[in-house]
Protein chains: 2
Amino acid sequence: MTDPFVVVGGDAAGMSAASKFGREAPDREVVVFEKGEWVSYGACGLPYYVKGEVERLDDLVSVTPEEFVEERGIDLRTDHEVTAIDRERQVVTVAAPDGEFEQPYGDLLIATGAHAVEPPIEGFDLDGVFTLHSMDTAAAVRRYMGLDAPAVDLSAVGYGSIADEYAGVVAPEAVGIVGGGDVGIEMAEAFAAHDLDVHLFEMLPHTLQPFGAEAAATVEDHLAEQGVHLHLDTPVDAFRGDDRVEAITAGDADVPVDLALVGVGVAPTTDLAERAGVDLGPTGAIATDAYGRTNDEHVFAAGDCAEATNAVTGEPDHVPLALTANRAGRAIGQTVADDPTLVGDIVGTAAVKAFDLEVARTGVLDPEAARDAGFDPVSVTITTQSRAHYYPGGEEIQITMVGDRESGRVLGASMVGREGVAKRVDTVAAALHAELTARQLSYLDLSYAPPFSPVWDPVLTASKVLDGKLD
Amino acid sequence: MTDPFVVVGGDAAGMSAASKFGREAPDREVVVFEKGEWVSYGACGLPYYVKGEVERLDDLVSVTPEEFVEERGIDLRTDHEVTAIDRERQVVTVAAPDGEFEQPYGDLLIATGAHAVEPPIEGFDLDGVFTLHSMDTAAAVRRYMGLDAPAVDLSAVGYGSIADEYAGVVAPEAVGIVGGGDVGIEMAEAFAAHDLDVHLFEMLPHTLQPFGAEAAATVEDHLAEQGVHLHLDTPVDAFRGDDRVEAITAGDADVPVDLALVGVGVAPTTDLAERAGVDLGPTGAIATDAYGRTNDEHVFAAGDCAEATNAVTGEPDHVPLALTANRAGRAIGQTVADDPTLVGDIVGTAAVKAFDLEVARTGVLDPEAARDAGFDPVSVTITTQSRAHYYPGGEEIQITMVGDRESGRVLGASMVGREGVAKRVDTVAAALHAELTARQLSYLDLSYAPPFSPVWDPVLTASKVLDGKLD
């Protein structure tokens, strides 16, 4: 009997791997160590919990610890932190509530995820300054806003009670968000829904950097319409206040706020791997092969701590998103169960809701990144309609599409509009995987009916214009 | 100077060709003969005009005759019917309001479209029995329903007045629709919006035949919920009445109706081509090559009268839809302007709104058609969600996906649901063009955000299940 498959980290990648392994190799043992209390939860839903659209924190949980243990036969241990990996002896050291122990492994998956970057801003430790990267911090934000605690006793679904460290401020009026990425934009919507005055600080000239300047500019106009105070090109110097944050200082501005949320991105959590001599790749995340293996044949890595191959550039990339984590975890579970399965390439497809707008992107949009990958990027931006011109309710869709001058290949696209955007980008994502040229993309037979699209779908129009410019 | 490019038919294919030719070869002459009054109108919008969502008939016009003549420099002649083609002399005979004449051509495009099939049902000639295949019949249906005439004098936008042959029946109460295809379903919605009692007759066991039985069954449940009386597996024997239709006889049933609409499909209008010795293909539409050329190198055909190549089967197909017509017309305009351009393949992508449902399809769904094309079809049907499980407002999406056992290729898919269907099918359409396997499709990096999709997009889930069944 081989030693068990040991998984470090109980979120998307880890639980997908354990579940798949459990189904494929029911006679073999799998152990998951999760250092926190929560497993398998939808972190992408946290802004909607703060907003109030998701009523209960535990609504975000896909599968409870009990279900993993009882229905899937997985030896899941929360509050268990893996502190060291001895690759030679194939054991991990585990810090558990009742002491430390060693656990041997046959194969190991490092799925330690990512953590919120905490920029070196003065006053970061004041009360009322939050990042949003866990169930607990989301609950803390709501408590601090004076909103009610979760309506259920979470221990009933396998969790302890949420830390209640804040008494709540009475009627907060203004919040400051540091970072105009997807979390920052989603949180602006969440706070605005509570009638708070929202200040959004972004050190770069535009928000939503991965979505490109064209989409971002349209989003920014919309944010302003929604009453969000935008501070672009504005690095934050300090959070100020006595015990609690009371203001944000950024250049000459001094903006009073009752709460601050910092969302300047995430970094892969690699310290455990690094200490064990597992190699990182050029992006700073854990390097893996097409099967999710690291430089050690018995050690895999997946999810937000690991690299994936970008199908457009052919290079390692770090795009910490849920599908990549789920897919890689699942594939590794299958591989460890002796059915070698590719983790798959990514093209960096992402979507975000920004108040009434849908924003989406895929592939390589940044000209410099495209040139670094050996392309000669050409970009077009068009605005067209989401429905037939005569059908009521149509909205503008703005598409930016990038192609390579020499090969004619489509490299990426961004889209923004009030409807029909988030899933329309998938057509371009499919084209990127298939390495279609702009001309080939413009020739796809896409669906048409007046309520859903013009005769020439916006993707066709954009690729036709791009093809013309590449020609 | 060569003879002009002559186009027969002034709708999607014809006007696209003339417009593109005009832009590419501004010094050369193009003449369009249209036998009716209307050009370049959105026939797909007619049900929404009858419904009342499109207020004015001329809202359906994309470009007016004046704009074609004055802005695009096209010699457009409405009320001009081409009655014969002499391919040897390269002239067409034209019947105009002021007499017949001959027009020489350098190249000729036959874009005569399709016509509504009129099944041999007794009483078809009664007043109140309509097909819906032109602006005039749509206007006539509304007049017959006692609804107001178009609110504008259409002569102002280049059209004569709509024939006003019906006095209108007072307050119709019940309508019968013969044929459960897309037009029948759209008209059921249109009539129901006027609080009419709607009876829908379909001779086959299911409606929406090209969408497959699985999607159709879900649509039929929804139609019944909406109060539509479904008569499936029920051929209509007769329309009965004195002058006006008063009932529909189908088997044992005798259903009183005040109006009947027949939508049992369209047939390519090929008589002019046939008389001139232009070859038809196996589908009965005009055979064309990859450039839209017929068996005569100076005669092209495009749009609803012509075949196109199905990219899944590699065989000629006849799928009379707007995009195919526009695209082929445009390509032929470019080819005739001495820049040879492929008309492109189709995969038969289509979408239809059925009350609150979106229904979409692409590729080859029918098992017999798949076997005829040399495939061994395997089909799966799944039901999943349109959004993250915790995000409010999510709806079920049902997907049927068909693959080939030997190659693993995806052959087609249908989808039905209340949101996120019509454009989601485009991801599968792209996969069909790229000849992806079910496994490759299941590995696409598609967009995820809680308001728009589960982590595993329904297309990924369906292709994963299909891949498992093909394995």
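Residues numbered from 1 in each chain as written. Chains lettered and ligands numbered in written order. Predicted model: local features only at pLDDT ≥ 70, side-chain atom pairs only at ≥ 80, totals over all residues. Heavy atoms only, no water.

## Concerning the domain arrangement of chain A
Thought 1: For chain A, the assigned domains read domain 1 (5-36 + 79-114 + 267-336), domain 2 (129-264) and domain 3 (356-470).
Thought 2: Taking the mean C-alpha position of each, domain 1 of chain A and domain 3 of chain A sit 35 Å from one another. (Domains from an automatic or database assignment.)

## A look at the state of the cysteines
Thought 1: A complete count under the given rule lists 0 disulfides over all chains for this structure.
Thought 2: Left without a disulfide partner, Cys 305 of chain A is nearest to the cysteine sulfur of Cys 44 of chain A, which lies 16 Å away. (Disulfide = S-S within 2.5 Å.)

## Notes on the interface of chain A and chain B
Thought 1: Taken together, the contacts link 59 residues of chain A with 59 residues of chain B.
Thought 2: Between chain A and chain B, the buried area comes to about 5,000 Å², and carbon and sulfur atoms account for 66% of it.
Thought 3: Area buried by chain A at its contact with chain B is led by Lys 423, Tyr 443 and Asp 445 of chain A, which between them contribute 16% of it.
Thought 4: Summed over the shared surface of chain A and chain B, the number is 2 salt bridges.
Thought 5: Between Asp 457 of chain A and Lys 423 of chain B there is a salt bridge, with the nearest N and O atoms lying 2.6 Å from each other.
Thought 6: The tally of links from chain A across to chain B stands at 24 residue pairs in polar contact (both at pLDDT 80 or more).
Thought 7: Only α8 (322-336), β21 (350-354), α10 (425-433) and α12 (458-470) of chain A provide two or more residues apiece to the side of chain A that touches chain B.
Thought 8: Sort the elements by how many residues they give to the side of chain A that touches chain B and α10 of chain A lands first, with 6 residues.
Thought 9: Among the residues forming the side of chain A that touches chain B, the class breakdown is 33 nonpolar, 13 polar and 13 charged. (Contact = heavy atoms within 4.5 Å. Buried area = accessible area lost by both parts, 1.4 Å probe. Salt bridge = Lys/Arg side-chain N within 4 Å of Asp/Glu carboxyl O. Polar contact = N/O pair within 3.5 Å; in protein donor to acceptor, adjacent residues only side chain to side chain. Helix = DSSP H or I, 4+ residues; strand = E, 2+ residues; numbered from the N terminus. Nonpolar A, V, L, I, M, F, W, Y, C, P; charged D, E, K, R; others polar.)

## Side note on the pattern of salt bridges
Thought 1: Using the criterion set out here, one finds 44 salt bridges over all chains in the structure.
Thought 2: In this structure, Arg 275 of chain B engages Asp 271 of chain B in a salt bridge whose closest nitrogen and oxygen atoms are separated by 4.0 Å. Placement of both Arg 275 of chain B and Asp 271 of chain B in helix α7 (residues 271-275) is noted, with a separation of 4 residues, approximately one turn of the helix.
Thought 3: Where salt bridges share partners, they join Lys 51, Glu 53, Glu 189 and Lys 353 of chain A into one cluster.

## Describing the environment of Thr 313 of chain B
Residues and elements named next belong to chain B.
Thought 1: You can see Thr 313 is positioned in the loop between β19 (308-309) and β20 (316-317).
Thought 2: In this structure the C-alpha to C-alpha distance between Thr 313 and Val 343, which are 30 residues apart in sequence, comes to 17 Å.
Thought 3: Filtering out sequence-adjacent residues up to four positions away, Thr 313 remains in contact with Val 364, Ala 373 and Phe 375.
Thought 4: Among the polar contacts made by the side chain of Thr 313, one reaches the main-chain amide nitrogen of Glu 315 at a distance of 3.0 Å.

## What about the relation of the copies chain A and chain B?
Thought 1: When chain A is brought onto chain B, the operation consists of a screw motion whose angular component is 180° and whose axial shift is 0.0 Å, with 0.0 Å RMSD remaining. In symmetry terms, the pair is related by a two-fold rotation axis. If distances are taken from each C-alpha of chain A to the rotation axis, the shortest is found for Thr 427 of chain A, at 2.3 Å. (Least-squares fit on C-alpha atoms with pLDDT ≥ 70 in both.)

## A closer look at the packing of aromatic side chains
Residue and element names in this part refer to chain B.
Thought 1: A complete count under the given rule lists 10 aromatic pairs over all chains for this structure.
Thought 2: Aromatic pair Phe 124 and Phe 239: ring centres 6.0 Å apart, planes at 75°, arrangement edge-to-face. A residue pair is termed long-range when its members are at least 10 positions apart, and Phe 124 in the loop between β8 (114-116) and β9 (129-131) and Phe 239 in strand β13 (residues 238-240) qualify at 115 residues.
Thought 3: We classify Phe 124 as buried; its relative accessible area is 15%.
Thought 4: By relative accessible area, which is 2% here, Phe 239 ends up buried.
Thought 5: The ring of Trp 456 carries the charged tip of Lys 464 above its face, separated from the ring centre by 3.4 Å. (Phe/Tyr/Trp six-rings, centres within 6.5 Å; stacked < 30°, edge-to-face > 60°. Buried < 20%, exposed > 50% of the residue type's maximum accessible area, 1.4 Å probe, protein only. Lys NZ or Arg CZ within 6 Å of the ring centre and 35° of its normal.)

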